[in-house]
Amino acid sequence: MSKILVTGASGFLGSVIMTNLLDVRHSITTIGITGIDDIRCNLAQSIPILNSEFDWVIHVAGKAHVIPKDLKESDEFFQVNLEGTKNLCKGLEKSGVPKSLIFISTVAVYGVESGTEINEEHALSGTSPYALSKIQAEEYLKKWCSKNNVILGILRPSLIAGKNPQGNLGAMIAGIKTGKYFRIGDGSTQKSVLMAEDIARIIPRLAEVGGIYNVCDNHHPSFAELEELIAKQLNKKQPRSIPYWTAKSMALVGDLVGNRFPINSSKLDKITQSLTFSNEKAKRELGWEPLDVLENFKIS
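Residues numbered from 1 in each chain as written. Predicted model: local features only at pLDDT ≥ 70, side-chain atom pairs only at ≥ 80, totals over all residues. Heavy atoms only, no water.

Caption draft 1: Region of interest: the sheet that holds strand β4 (residues 56-59). Read across the open sheet, the seven strands follow the order β3-β2-β1-β4-β5-β7-β11; overall the sheet is parallel. Taken across any chain shown, the strands that pair with only one partner, and hence form the sheet edges, are β3 (39-40) and β11 (211-215). Relative to strand β5 (residues 100-104), β4 runs parallel, the two sharing four bridges. The residue bridging I58 from the neighbouring strand is I102, located in β5. In the packing of helix α2 (residues 71-95) onto the sheet, the strands contacted are β1 (2-7), β4 and β5, and the crossing angle to β4 comes to about 165°. (Pairing = 2+ DSSP bridges. Helix = DSSP H or I, 4+ residues; strand = E, 2+ residues; numbered from the N terminus. Contact = heavy atoms within 4.5 Å. Axes fitted to C-alpha atoms, helices over the stretch in contact; angles between N-to-C directions.)

Dropping the structure here:
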């Protein structure tokens, strides 16, 4: 039986990982800030007190899906994603280092807004507080795991699908549900998406061999495909389309008005430019095959 420590287990992704790893082969301990965690600790502020050694540590806890409004909010990314990682490692040094540590990073580390089949060899050019904090956490863990002879696995997921998803996918669902969502152009823009449970499915093999891997579906769905899937599940009409030039005019207004407006030029670029990633390395080296998002994505 493997003893596993999971951080951020009560969050969207952490809860999915927990559900898919809970079986007789694993004994799981959770650490986090909620009352249901086995070990109550805010990693961003404190070094955890761990009373036993673990075979695997799955570090999911982190800050994402927020555009910082000021310097304080920007600093929170580094406090949670970087300092939280350092505090976790300091706690592990006192209790005994694990055999393997799995870190959930992000494709945002590449810092690209458009492109196709981007792989793990791409430069880490992300400049947002989110991307930079994850890049720095990755670099810290590489050194720490090498020093302590710990197998390090880093996963860089794309947009994650599952029940009640967060981020842009959650915003799409909310917009279609309320009738406030519009398709821009023909909806042919493609994005890489991943079923949340696929991360749990890849962890056992990753814990054995380590490495850095992008994870996403083989098929990169278009906005139109995702919109149609969501609308059908919600029993809603398909979103109405607006021409790109109309959306561009609205985005320019948003640039002047600020965050109160639903769209600006930056958001428009993100939803009208395709951005896909390659999962070939994970499939080749880990023998992993992702679930088909369009067949498996259930919004609730």
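From this point, the narrative continues.
Caption draft 2: View of the nonpolar core. Among the nonpolar cores identified, the biggest contains 30 residues, and V6, L13, I17, I58, L155 and I199 are the most heavily contacted of them. Of all the secondary-structure elements, those providing two or more residues to this core are β1, α1 (12-21), β4, β5, α5 (197-209), β11 and α9 (280-286). L5, C41, L50 and L101 belong to the second largest nonpolar core, which has 21 residues in total. (Core = buried A, V, L, I, M, F, W, Y, C linked by side-chain atoms within 4.5 Å. Buried < 20%, exposed > 50% of the residue type's maximum accessible area, 1.4 Å probe, protein only.)

Caption draft 3: A nonpolar patch on the surface, seen in detail. On the surface, V253, L256 and V257 cluster together to form a nonpolar patch covering roughly 280 Å² of accessible area. Mapped onto the elements of the fold, V253 is located in helix α7 (residues 244-257). (Patch = residues over 30% accessible without salt bridge, like charges linked within 9 Å, V, L, I, M, F, W, Y side chains within 5 Å. Areas by Shrake-Rupley, 256 points an atom, 1.4 Å probe, with all protein chains shown as cover. Salt bridge = Lys/Arg side-chain N within 4 Å of Asp/Glu carboxyl O.)

Caption draft 4: Summary view of the state of the cysteines. Counted by the stated rule, this structure contains zero disulfides. No disulfide involves C89; its sulfur sits 6.4 Å from that of C145, the nearest cysteine. Note on C89: relative accessible area 1%, which makes it buried. (Disulfide = S-S within 2.5 Å.)

Caption draft 5: Structural context of the packing of α1 against α5. Look at α1 against α5: their axes get within 8 Å of each other, and the N-to-C directions meet at 55°. Here α5 runs oblique to α1, going by the angle between their axes. Judged by the sense of rotation from one axis to the other, the crossing of α1 with α5 is right-handed. Residues L13, V16, I17, N20 and L21 of α1 pack against E197, I199, A200 and I203 of α5. The class makeup of the residues in the contact of α1 with α5 is seven nonpolar, one polar and one charged. (Parallel < 35°, antiparallel > 145°, perpendicular 65-115°, else oblique. Left-handed = near helix turned anticlockwise from the far one by under 90°. Nonpolar A, V, L, I, M, F, W, Y, C, P; charged D, E, K, R; others polar.)

Caption draft 6: Inspection of the pattern of salt bridges at higher detail. One pass over the structure, following the stated rule, counts twelve salt bridges. Salt-bridge contacts for K86 lead to E83; the nearest nitrogen and oxygen are separated by 3.7 Å. Of the two residues, K86 and E83 both sit in helix α2, three residues apart, roughly one turn of that helix. Among the residues examined, K86 registers a relative accessible area of 24% and is labelled partly exposed. A salt bridge links E227 to R183; the shortest N-O distance between them is 2.5 Å. Here E227 is found in helix α6 (residues 223-234), whereas its partner R183 is found in strand β9 (residues 182-184), with 44 residues between them in sequence. R183 gets classed as buried once you look at its relative accessible area, which sits at 11%. Residues joined by salt bridges that share partners form a network here, namely R183, E227 and E228.

Caption draft 7: Up close: the packing of aromatic side chains. Applying the stated criterion across every chain yields a total of two aromatic pairs. Arranged with centres 6.1 Å apart and planes meeting at 55°, the rings of F77 and Y130 form a pair that is tilted. With F77 in helix α2 and Y130 in helix α3 (residues 129-148), this residue pair connects regions lying 53 residues apart in the sequence. Here F77 falls in the buried class, since its relative accessible area comes to 1%. Between K3 and the ring centre of F54, over which it is positioned, the NZ or CZ distance is 5.8 Å. It is K63 that lies over the ring of F77; its NZ or CZ is 5.3 Å from the centre. (Phe/Tyr/Trp six-rings, centres within 6.5 Å; stacked < 30°, edge-to-face > 60°. Lys NZ or Arg CZ within 6 Å of the ring centre and 35° of its normal.)

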